[in-house]
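Chain and residue survey
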Amino acid sequence: MKHTCTTFLAGKAATIDGSTLICRQEDYGNAFDPQRFVVVKPEEQPRHYASKTTSFTLELPENPLKYTAVPDADDSAGIFAAGGINAANVAMTATETATTNARVLGADPYNSDSGIGEADFVTLVLPYIKSAREGVKRLGHLLEKYGTYESNGIAFSDHDEVWYFETIGGHHWAALKIPDDAYVIAPNQFNITDYDFESDATMYAADLPAFINRYHLNPEHGLNLREIFGSRTASDARYNYPRAWYVQKLLSDEEQKLPTDQELPFVCHPKRKLAIEDIKQAMSMHFQHTDFDPYGQGPANDQHKYRPIALNRNLEIHMLQIRNHVPASIAGVHWLAFGPNTFNAVVPFYANVTDTPAPYKNTTSDFDLQNMYWLTHTLAALGDQNYQRYEMMEENFEQTVMAACRQLQSQTDARMQTADEINTVELTQANEQMAQISLTESTKLLGRMVKEAFKHEKLQY
């Protein structure tokens, strides 16, 4: 799996301030894959699109919306825009690498020659939609017509709705509206369970019911899409289920289950309304307070038994928030952090801006401590060597950054609430200030960690 991520979704009645939220931790292999944070203006959006993975090409509409994105710094393999918020306050994140089974692929093989995939989805869809439902329909149309070369999960949201979309084989798909009072934690598997083709809360490929029947894909009496289209492998038990198990245990009053339980629910209800900080804590999990924590005191055989969410392969985390208690022009907030979640802090960048801050935008392929991508990876590389030594420093740092950025956000929100019209220049400047807070506090943390590490140098006499 090239990009092996974790997705988190929350409906507007499940969050503390009535926002919708879609979030994804983007991961990669053990090599570095530097990321950038950009605003794509209408004049910068391509009109002729050509995939760098397959032979797919498409002429795009002439009226794209402005949108934020987190593409690869090196686009030689494709854009991989990851996720963002457009000018209509519609958010999209793509993609969650998923699993399937041979029955599905035997009936509907991947289109490896001319299909579309993770590198393409955001660029082809997000600039052209004005609601989450429109996003589902546009991506569904593209998949049915052109096909895909991989299995993925994608999420859409607007101020009212959150949708989760999963690709099925080469040309099929199914999407589910997440209940307003619910959340979802989705690891690298086919995730949707109970499904109703007659519900207004579902959308799917036109021939999906007939496809299931024609190829005898359903092993149950009911309709559980995970059982039909997903997998039940040994690697699922080690790699996927435990992430969902831990987050559900953290956020819900679910009955106690085993980390390898294959019947974990897809739609969950939190024991209290969720704040950004709760979600960041969940997405930073490495099985704290269990025997499975690599930084803990459990048996050696257990410490690396299951795959956590926070790990060295974390590239960036975006938390795409559409707020309902502020004017629409400042409703979209693209929370962002680069690097491993054990040593980063998310920053609430306004989406309705003309540019993004240099430390987040100008990421280089080579190491540079002025890039937040490289600075955060430096913190994680040092902190990983003795997590207990630096844990309290990291917790204080994260609270400091988020508190300072939230204060600045509140002040900016207050000015925008009474302004005759929204000044995108002022929002851009607010983002610059928040980026500087993050850069400054990250640099201070690095300094404190180096000083502490030096006390424990082995070459002392």
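Each remark here, short or long, concerns the structure printed above.
Residues numbered from 1 in each chain as written. Predicted model: local features only at pLDDT ≥ 70, side-chain atom pairs only at ≥ 80, totals over all residues. Heavy atoms only, no water.

This model, assessed by the stated rule, comprises 26 aromatic pairs. Judged by centre distance (5.5 Å) and plane angle (35°), the rings of Phe338 and Tyr360 are tilted. Of this pair, Phe338 sits in strand S15 (residues 332-338) while Tyr360 sits in helix H10 (residues 358-361), placing them 22 residues apart in sequence. When the ring of Phe349 is compared with that of Tyr360, the centres are 4.9 Å apart and the planes differ by 75°; the resulting orientation is edge-to-face. Of this pair, Phe349 sits in strand S16 (residues 347-350) while Tyr360 sits in helix H10, and the two are 11 residues apart along the sequence. Phe349 gets classed as buried once you look at its relative accessible area, which sits at 0%. Take Tyr360: its relative accessible area is 0%, and that puts it in the buried class. Within the aromatic cluster, the residues linked to one another by ring pairs are Phe32, Phe37, Phe338, Phe349, Tyr360, Phe367, Tyr373 and Trp374. (Phe/Tyr/Trp six-rings, centres within 6.5 Å; stacked < 30°, edge-to-face > 60°. Helix = DSSP H or I, 4+ residues; strand = E, 2+ residues; numbered from the N terminus. Buried < 20%, exposed > 50% of the residue type's maximum accessible area, 1.4 Å probe, protein only.)

It is worth spelling out the pairing of strand S14 (residues 314-322) at this point. Taking burial as the measure, the 9 residues of S14 include 9 buried ones, the bulk of the element. In this sheet, S14 lies alongside strand S2 (residues 20-27) in antiparallel orientation, the contact comprising 8 bridges. From the neighbouring strand, Cys23 faces S14, where its bridge partner is Met319. Inspection of the sheet shows S14 paired to S15 by 7 bridges, in the antiparallel sense. Counted as the bridge partner of His318 is Leu336 from S15. (Pairing = 2+ DSSP bridges.)

Our focus in this paragraph is the pairing of strand S9 (residues 152-157). Each regular strand shows side chains that alternate between the opposite faces of the sheet. Within S9, 6 of the 6 residues are buried, which leaves it mostly tucked inside the rest of the structure. On S9, burial covers both faces: Asn152, Ile154 and Phe156 on one face and Gly153, Ala155 and Ser157 on the other are all buried. As judged from the 5 bridges shared by S9 and strand S10 (residues 162-168), these two strands associate in the antiparallel manner. The residue of S10 that forms the bridge with Ser157 is Val162. Hairpin remark: S9 followed by S10, antiparallel, with 4 residues in the connecting loop.

Looking now at the side chain of Arg243. As for its position among the elements, Arg243 is in helix H7 (residues 241-251). Buried charge without a salt bridge: Arg243, with Glu96 as the nearest opposite-charge side chain at an N-O distance of 4.6 Å. (Lys, Arg positive; Asp, Glu negative; His and termini not counted. Salt bridge = Lys/Arg side-chain N within 4 Å of Asp/Glu carboxyl O.)

Here we come to the sheet that holds S16. Taking strand neighbours across the sheet as the criterion, the 6 strands line up as S12-S1-S2-S14-S15-S16 in an open arrangement whose pairing is antiparallel. Of all strands in the sheet, those with a lone pairing partner are strand S12 (183-186) and S16, marking the two edges. Ignoring which end each strand starts from, the neighbouring axes of this sheet average 15° apart. Relative to S2, strand S1 (residues 6-10) runs antiparallel, the two sharing 5 bridges. What sits directly across from Phe8, in S2, is Cys23. (Axes fitted to C-alpha atoms, helices over the stretch in contact; angles between N-to-C directions.)

Between helix H12 (residues 387-418) and helix H13 (residues 424-454), the shortest axis-to-axis distance is 10 Å and the interhelical angle comes to 165°. Looking at the two axes, H12 sits roughly antiparallel to H13. In the crossing of H12 with H13, the sense of the turn from one axis to the other is right-handed. By residue class, the composition of the contact of H12 with H13 is 15 nonpolar, 5 polar and 7 charged. (Parallel < 35°, antiparallel > 145°, perpendicular 65-115°, else oblique. Left-handed = near helix turned anticlockwise from the far one by under 90°. Nonpolar A, V, L, I, M, F, W, Y, C, P; charged D, E, K, R; others polar.)

With respect to the secondary-structure elements, Lys52 resides in the loop between strand S4 (48-50) and strand S5 (57-59). Lys52 sits 64 residues away from Ile116 along the chain, and the two C-alpha atoms are 9.8 Å apart. When sequence neighbours within four positions are dropped, the list of residues in contact with Lys52 reads Asp75, Ser76, Ala77 and Gly78. Within polar-contact distance, the side chain of Lys52 engages the backbone oxygen of Asp75 at 2.9 Å. (Contact = heavy atoms within 4.5 Å. Polar contact = N/O pair within 3.5 Å; in protein donor to acceptor, adjacent residues only side chain to side chain.)

Note that the residue after Ala94, namely Thr95, is joined by a cis bond; omega there is 15°. As for its placement among the helices and strands, Thr95 is situated in strand S8 (residues 91-97). The backbone of Ala82 sits at a positive phi, close to 75°, despite the residue not being glycine.

Moving on to the packing of helix H8 (residues 276-283) against H12. H12 packs onto H8 with a crossing angle of 150° between their chain directions and a minimal axis gap of 13 Å. Taken together, the axes of H8 and H12 lie roughly antiparallel to each other. Crossing angle aside, the handedness with which H8 passes H12 is right-handed. Where H8 abuts H12, its residues Ile276, Glu277 and Lys280 lie against Glu398, Met402 and Arg406. Its residues assigned to classes, the contact of H8 with H12 comprises 2 nonpolar, no polar and 4 charged.

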